[in-house]
Amino acid sequence: MYDEIRSGSNGTKTWNVDGMGKPAAIAACQSAADVSAAVAFCARHCHPHGVRTCVAGGRHSHQCMANGSFVIDLSGLKGITVNEEEGHVDVMGGSLQGDIDEATEAYGLATTAGHVASTGCGGLIVQGGHGYLERKFGMVIDNLLQVEMVVADGGIVVADEEQNTDLFWAIRGGGGNFGVVVRFRIRLHPVPGKIYAGQRIHAPLGAGSWFPDRATLVRAFSRVTAESEDDNATGLLVMPCGGPVIENLVYIGPMEDGEQYFAKHKNEVGYPLLDNMKGRSYHLDVQRFAPAGGGNFYMAGVLVPKMSDRLAEALGHCVTSANGPGRKTNCLVFVLPMGGAVSRKMPEDTAYPHRTSLLWVLIQGEWIGDPGTPEYEERRARVVAWCGMVKENITPFSIGHYGVLSEVDTHGNAGENVKDEKERTSAENAVNDGGAVGNRDTNAGFCAMTLGGKRNVYGPNLPRLRGIKKRYDPDNLFNVNDNILPE
Ligand SMILES: Cc1cc2nc3c(=O)[nH]c(=O)nc-3n(C[C@H](O)[C@H](O)[C@H](O)COP(=O)(O)OP(=O)(O)OC[C@H]3O[C@@H](n4cnc5c(N)ncnc54)[C@H](O)[C@@H]3O)c2cc1C
């Protein structure tokens, strides 16, 4: 079973090999009843003896296969049902983001889904769910109509705006703390058959040349994004060590409008060397821009309210050759746009609090090698250090964190290293409690942060989340996550 999961022969490829620990047992669930039985087993036989419960959806995180844990694996719980008349889609808990795109394409409908097709719907949605459509239609949770889930006592409950409303609020951003979702119901929206999208590649030479440097490109991109209409879903990829800066341009609207829009703004960010813009299918091309890939990955990320000059400079500094992660690694920083419909919700409308953030800065590192070899460990250490360095440099400008990236763990040992709230230091918890990491631009409550425990995922919503956790998971069975203590 473990080898099948690792190799992907059971239908869900393990995207991040580095996230695979050695669990004690795996329950291969194919139905809500299977999940219910597995959860009840964990509550009775594992949790009281210190064996942690993990939930594995798309297996993109470092928290789904902890060493020595009992894993509730959802690879066998896939399925998508489109209801065209009602304008919604039912998504089984183990489905992948790409499954939604494939099923909805024929109807000319779509809903916000992650940027990488192989990411699991389960982990992505309960954390909030960012994607190309968010500025226009909101995050995935803003389109969530209902969930069916297994809670800590093994019971199966339905939550929506009419029943179990507290749980429905909590599951929209509260992560895997409240149970295992076996079915999501999500609103659909019409999306044109072809939209205008592609990449523009910049050579960030700077130093008096015709081509601006990285910081200038990042600043210009952020200014254009902040002022742009909701249809513009463009992000920026910044490669370290002399690599290019790539605008990933996507316009969610009629193709001609997109063509005009990007032509009008063409040189506002810089002077691209290459441009492959054209009409493309949102579902089958744009949602597949990121390679399906698979390998050894480490990720960190912060949410920032604006790209100030100082932040752009800090970011530019991190990606110079002198500060690079070194050979046999492949690292980059994505600057992804938020705002639009995301910011038209209030922080307390759902459990996801970071509505005023305008950019999600995602730091991704990859390395080659076979786990367990000295080369692997050495490259991994360089990548983790690089991700940490970038994160430390930009965190002072941030207002918080998105949950479930690699940073709450080390090397496949989530069960040993993910701290629950009690295990964190009081300073770490204060960051979670206060909801404000501090913003160097405004000098408000600056707090230097390092990679690891200090994370502001829930902001001011933490007290309410704790109360709901107490009601649905009083013994903290689901604790391999950005954990919320039941209080
Ligand atoms: C390459 C990559 C790209 C990403 N892109 C995006 C993006 O575009 N937008 C975005 O919002 N995020 C993105 N993320 C972050 C992503 O949302 C999280 O890593 C998420 O946890 C992945 O979900 P998963 O099911 O694949 O992960 P898993 O590792 O399988 O699960 C992670 C955690 O999610 C919870 N979980 C999983 N399934 C369920 C379920 N059915 N019910 C309840 N809890 C569950 C559990 O707590 C579990 O420990 C990306 C991550 C990676 C690695």
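Residues numbered from 1 in each chain as written. Predicted model: local features only at pLDDT ≥ 70, side-chain atom pairs only at ≥ 80, totals over all residues. Heavy atoms only, no water.

Under the annotation held in an unreviewed UniProt entry, the chain carries the name FAD-binding PCMH-type domain-containing protein and is attributed to Thalassiosira oceanica. According to its UniProt record, the chain has this under Sequence similarities (unreviewed entry): "Belongs to the oxygen-dependent FAD-linked oxidoreductase family." Annotation of the chain in UniProt includes, under Cofactor (unreviewed entry), the sentence "FAD". (UniProt positions renumbered as here; feature names shortened; annotations may be inferred.)

J.: In this structure, what is going on with the site of the ligand? I would like to understand it.
T.: Of all residues adjacent to the ligand, which total 33 residues, the nearest are G57, R59, S61, H115 and Y402. G57 is positioned with one of its backbone polar atoms (N or O) 2.6 Å from an oxygen atom of the ligand. The contact in question runs from an oxygen atom of the ligand to an N or O atom on the backbone of R59, over 2.7 Å. When the ligand is considered free in solution it has 940 Å² of accessible area, and contact with the protein chains removes 98% of it. (Near = heavy atom within 4 Å. Polar contact = N/O pair within 3.5 Å; in protein donor to acceptor, adjacent residues only side chain to side chain. Areas by Shrake-Rupley, 256 points an atom, 1.4 Å probe, with all protein chains shown as cover.)

J.: Looking at this structure, how should I read the sheet that holds strand 9 (residues 180-187)?
T.: Strands pair in a sheet through their backbones, by hydrogen bonds, and they do so in one of two ways: parallel or antiparallel. The sheet built from 5 strands is open, its strands ordered 4-5-9-7-8 with antiparallel pairing. The open sheet has two edge strands with one neighbour each: strand 4 (80-83) and strand 8 (156-160). Taking each pair of neighbouring strands and ignoring which way they run, the sheet shows an average axis angle of 15 degrees. Running at roughly 50 degrees to strand 7 (residues 144-150), helix 2 (residues 32-46) makes contact with strand 7, strand 8 and strand 9 of the sheet. Seen against the sheet, helix 3 (residues 97-104) touches strand 4, strand 5 (88-92) and strand 9 and runs at an angle of roughly 40 degrees to strand 4. (Pairing = 2+ DSSP bridges. Helix = DSSP H or I, 4+ residues; strand = E, 2+ residues; numbered from the N terminus. Axes fitted to C-alpha atoms, helices over the stretch in contact; angles between N-to-C directions. Contact = heavy atoms within 4.5 Å.)

J.: Can you walk me through the packing of helix 7 (residues 214-227) against helix 9 (residues 309-318) in this structure?
T.: To characterise two packed helices, one gives the angle between the axes of the helices and the distance between these axes. It is the contact of helix 7 with helix 9, at a shortest axis distance of 8 Å, that shows an interaxial angle of 135 degrees. Relative to helix 9, helix 7 is oriented oblique. Read as a crossing pair, helix 7 and helix 9 show a hand that is right-handed. Across the interface between the two elements, R214, A215, V218 and R219 from helix 7 touch D309, A312, E313, L315 and G316 from helix 9. In terms of residue class, the contact of helix 7 with helix 9 is made up of 4 nonpolar, 1 polar and 4 charged. (Parallel < 35°, antiparallel > 145°, perpendicular 65-115°, else oblique. Left-handed = near helix turned anticlockwise from the far one by under 90°. Nonpolar A, V, L, I, M, F, W, Y, C, P; charged D, E, K, R; others polar.)

J.: Explain the side chain of N481 to me, please; I cannot follow it from the model alone.
T.: One can find N481 in the segment after helix 13 (462-472). Taking relative accessible area as the criterion, N481 reaches 7% and is therefore assigned buried. A polar atom in the side chain of N481 sits 3.4 Å from the backbone oxygen of G176. (Buried < 20%, exposed > 50% of the residue type's maximum accessible area, 1.4 Å probe, protein only.)

J.: It is not clear to me how empty space enclosed by the protein should be interpreted in this structure. Could you clarify?
T.: Any empty space left between atoms is shown by rolling a water-sized probe over those atoms. Counted according to the given criterion, the structure contains 2 cavities of 30 Å³ or more. In this structure, the largest cavity occupies an estimated 100 Å³ of space. Forming the boundary of the largest cavity are 13 residues, of which V224, E247, L249, F262 and V269 lie nearest the centre. Among the elements of the structure, helix 7, strand 13 (245-250) and helix 8 (255-264) are those that each provide at least two residues to the lining of the largest cavity. (1 Å grid on protein atoms, 1.4 Å probe; cavity = no way out; pocket = protein on both sides within 12 Å on 5 of 7 lines; lining within 4 Å. Points joined across faces, edges and corners; volume = space filled by probe spheres on them.)

J.: Please clarify how the pattern of salt bridges should be interpreted in this entry.
T.: As a working rule, side chains carrying opposite charge can pair if their charged atoms are close by. This structure, assessed with the given rule, holds 18 salt bridges. One salt bridge in this structure joins R200 and D275, with 3.4 Å as the shortest N-O distance. Placement of R200 in strand 11 (residues 195-202) and of D275 in strand 14 (residues 274-275) is noted, with a sequence separation of 75 residues between them. Accessibility expressed as a relative area gives 4% for R200, which makes it buried. Put simply, D90, E148, R183 and R185 are held in one network by salt bridges that share partners. (Salt bridge = Lys/Arg side-chain N within 4 Å of Asp/Glu carboxyl O.)

J.: Just to check I follow, could you spell out the environment of E348 for this structure?
T.: Here E348 shows up in the loop between strand 17 (329-337) and strand 18 (359-367). Look at E348 and you get partly exposed, because its relative accessible area is 46%. Along the primary structure E348 and P460 are separated by 112 residues, whereas in three dimensions their C-alpha atoms are 7.9 Å apart. Residues within four places of E348 in sequence aside, it is in contact with W169 and N461.

J.: Teacher, can you tell me more about the state of the cysteines here?
T.: Cysteine pairs can be linked by a disulfide, which is a covalent bond between their two sulfur atoms. Going through the model one piece at a time under the given rule, you end up with 0 disulfides. For the unlinked cysteine C29, the closest cysteine sulfur is that of C42, found at 8.9 Å. (Disulfide = S-S within 2.5 Å.)

J.: So what exactly am I meant to see when it comes to the pairing of strand 12 (residues 235-238) here?
T.: Each regular strand carries side chains that alternate between the two faces of the sheet. Side-chain alternation along strand 12 places G235 and L237 on one buried face and L236 and V238 on a second face that is also buried. Linking strand 12 back to strand 13 in an antiparallel pair, the connection comprises 6 residues, with C241 at a positive phi of about 60 degrees. Where strand 12 and strand 17 come together, 3 bridges link them in antiparallel fashion. Paired with V238 across the two strands is V333, which belongs to strand 17.

J.: Is there a simple way to think about the nonpolar core in this case?
T.: Soluble globular proteins: nonpolar side chains tend toward being buried together. Counting 50 residues, the largest nonpolar core has I125, V147, I171, F178, F184 and I186 as its most contacted members. When residues of this core are assigned to domains, at least three fall in each of domain 2 (80-190) and domain 3 (195-281). Each residue touching F184, except ones within four places of it in the same chain, is listed here: V89, D90, V91, G93, C121, G122, I125, V126, L144, Q146 and V147. Residues V245, V269, V335 and V361 belong to the second largest nonpolar core, which totals 35 residues. (Core = buried A, V, L, I, M, F, W, Y, C linked by side-chain atoms within 4.5 Å. Domains from an automatic or database assignment.)

J.: Looking at this model, I keep getting lost on the packing of aromatic side chains. Mind explaining?
T.: How two aromatic rings sit relative to each other is given by the distance of their centres and the angle of their planes. With the rule as written, the count across this model stands at 7 aromatic pairs. On the basis of an interplanar angle of 40 degrees and a centroid distance of 5.4 Å, the ring pair of Y251 and Y261 is categorised as tilted. A residue pair is termed long-range when its members are at least 10 positions apart, and Y251 in the loop between strand 13 and helix 8 and Y261 in helix 8 qualify at 10 residues. Residue Y251 shares its accessibility class with Y261, and that shared class is buried. An angle of 70 degrees between the planes, with centres 5.7 Å apart, marks the rings of W367 and Y376 as edge-to-face. Under the relative-accessibility criterion, W367 is labelled buried at 2%. An aromatic cluster is built from Y251, Y261 and F262, whose rings are joined through pairwise contacts. (Phe/Tyr/Trp six-rings, centres within 6.5 Å; stacked < 30°, edge-to-face > 60°.)

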